[in-house]
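Listed below, chain by chain, are the residues.
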Amino acid sequence: MSTTLLLARHGQTVWHDENRYAGVSDVPLTPTGLAQAEALGQWIAARPVDAVWTSPLSRAVATAEPACRALGLVPSLDPDLRECDFGVVEGRTLAEFAAAYPTRAEAFRVDPAANPFPGAEDPRAAAARGAAALRRIAAAHYGERVLVVAHNTLFRLVLCTLLSIPAREYRRVFPRLRNAAITELRVGITGSTALLSLNVPCDPDRP
């Protein structure tokens, strides 16, 4: 037996619509993001889960709310599912960062795990805490299906860790997790992980 984890990035926010790094900044969902959350809720209602876990940031909690409402579940919040802290790039685009710090931006592009933004959380530490959180959740719900709502960069780093992909490759191998789309993992009792699907849209007609 194993645990099925359904990973979903939160819905769209104003900053993400402009391709700005939100990180630990608590940015709310846009109307499109709320619609994406509702579509996720309908998708989950048709494919019920046994539990819902989320990042404590409000954009993740709001994205999980329709699914919890549909199934009568109360979400569990885990601080280790929070997004990476992006330091000086919080609220800025990569292009804006590159204009101010061209050398640092180029180093980030070459190896984003070894060359994080100034003042940012170490991506490798973020990957470790996120992977540990998913393993804890999987162990607590062995044999069940669990929805986990969190964040784009954290999930991409965690996927690299769980699938034995070098962290430096996270932006290349996983360019983007779509808002409120499903990535399905099967986690065995020993923690071995299989990727079953990636970026499955809950509503193909929505962005």
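Definitions and cut-offs
Residues numbered from 1 in each chain as written. Predicted model: local features only at pLDDT ≥ 70, side-chain atom pairs only at ≥ 80, totals over all residues. Heavy atoms only, no water. Core = buried A, V, L, I, M, F, W, Y, C linked by side-chain atoms within 4.5 Å. Buried < 20%, exposed > 50% of the residue type's maximum accessible area, 1.4 Å probe, protein only. Helix = DSSP H or I, 4+ residues; strand = E, 2+ residues; numbered from the N terminus. Contact = heavy atoms within 4.5 Å. Phe/Tyr/Trp six-rings, centres within 6.5 Å; stacked < 30°, edge-to-face > 60°. Pairing = 2+ DSSP bridges. Polar contact = N/O pair within 3.5 Å; in protein donor to acceptor, adjacent residues only side chain to side chain. Salt bridge = Lys/Arg side-chain N within 4 Å of Asp/Glu carboxyl O. Axes fitted to C-alpha atoms, helices over the stretch in contact; angles between N-to-C directions. Left-handed = near helix turned anticlockwise from the far one by under 90°. Nonpolar A, V, L, I, M, F, W, Y, C, P; charged D, E, K, R; others polar.

Novice: Please set out the nonpolar core residue by residue, giving values where relevant.
Specialist: The biggest cluster of nonpolar side chains holds 37 residues, and the ones touching the most others in it are L5, L7, L81, F117, L134, I137 and V148. Elements with a minimum of two residues in this core: strand 1 (2–9), strand 2 (51–54), helix 4 (94–100), helix 5 (102–110), helix 6 (123–140), strand 4 (145–150), helix 7 (152–162) and strand 5 (182–188). In contact with L5, other than residues within four places in its own chain, are L134, I137, A138, V146, V148, T183, E184, L185 and V187. Residues L40, W43, I44 and V49 belong to the second largest nonpolar core, which totals 16 residues.

Novice: Explain the packing of aromatic side chains residue by residue, including any values.
Specialist: Taken as a whole and assessed by the stated rule, the structure comprises 6 aromatic pairs. Ring centres of Y21 and F117 lie 5.2 Å apart, and the angle between their planes is 75 degrees; this geometry places the pair in the edge-to-face category. Residue Y21 is located in the loop between helix 1 (14–17) and helix 2 (31–46), and its partner F117 is located in the loop between helix 5 and helix 6; the two are separated by 96 residues in the primary sequence. No difference in accessibility class separates Y21 from F117, as the two residues are buried. Counting every residue linked through ring pairs, the aromatic cluster contains Y21, F86, F97, Y101, F108 and F117.

Novice: Run through the pairing of strand 4, naming residues and quoting values.
Specialist: The side chains of a regular strand alternate between both faces of the sheet. Of all 6 residues in strand 4, 5 are buried; the element is thus mostly enclosed. Here strand 1 runs beside strand 4; their pairing, made up of 6 bridges, is parallel. Bridge pairing in strand 4 places L7 opposite V148. Across 4 bridges, strand 2 lies against strand 4 in parallel orientation. In the sheet register, A51 faces strand 4, and the bridge partner there is V146.

Novice: Report on the side chain of T183, specifying residues and quantitative values.
Specialist: Here T183 is to be found in strand 5. Residue T183 is classed as buried on the basis of its relative accessible area, which comes to 3%. Polar contacts involving the side chain of T183 include one to the main-chain amide nitrogen of N199, which spans 3.2 Å. T183 has contacts with L5, L6, L7, L159, L177, L195, S197, L198 and N199, leaving out every residue within four places of it along the chain.

Novice: Go over the pattern of salt bridges, please, and point to the residues and values.
Specialist: Tallied over the full model, the rule gives 11 salt bridges. For R69, the salt bridge goes to E38, with nearest N and O atoms at 3.0 Å. Of this pair, R69 sits in helix 3 (residues 58–71) while E38 sits in helix 2, placing them 31 residues apart in sequence. Judged by relative accessible area, which is 49%, R69 ranks as partly exposed. Linking E65 and R69 is a salt bridge whose minimum nitrogen-to-oxygen distance equals 2.8 Å. Remark: R69 and E65 occur in helix 3; sequence separation between them is 4 residues, near one turn of the helix. E65 sits in the partly exposed class, given a relative accessible area of 38%. Bridged by salt links that share partners, the residues D78, D80, R82 and R136 form one connected network.

Novice: Explain the packing of helix 2 against helix 3 residue by residue, including any values.
Specialist: Close contact between helix 2 and helix 3 brings their axes to 8 Å; oriented N to C, the two are set at 35 degrees. Between helix 2 and helix 3 lies a crossing whose hand is right-handed. In this structure, helix 2 contributes A37, E38, L40, G41, I44 and A45 to the contact, and helix 3 contributes A62, T63, P66, A67, R69, A70 and L71. Here the residues of the contact of helix 2 with helix 3 sort into 9 nonpolar, 2 polar and 2 charged.

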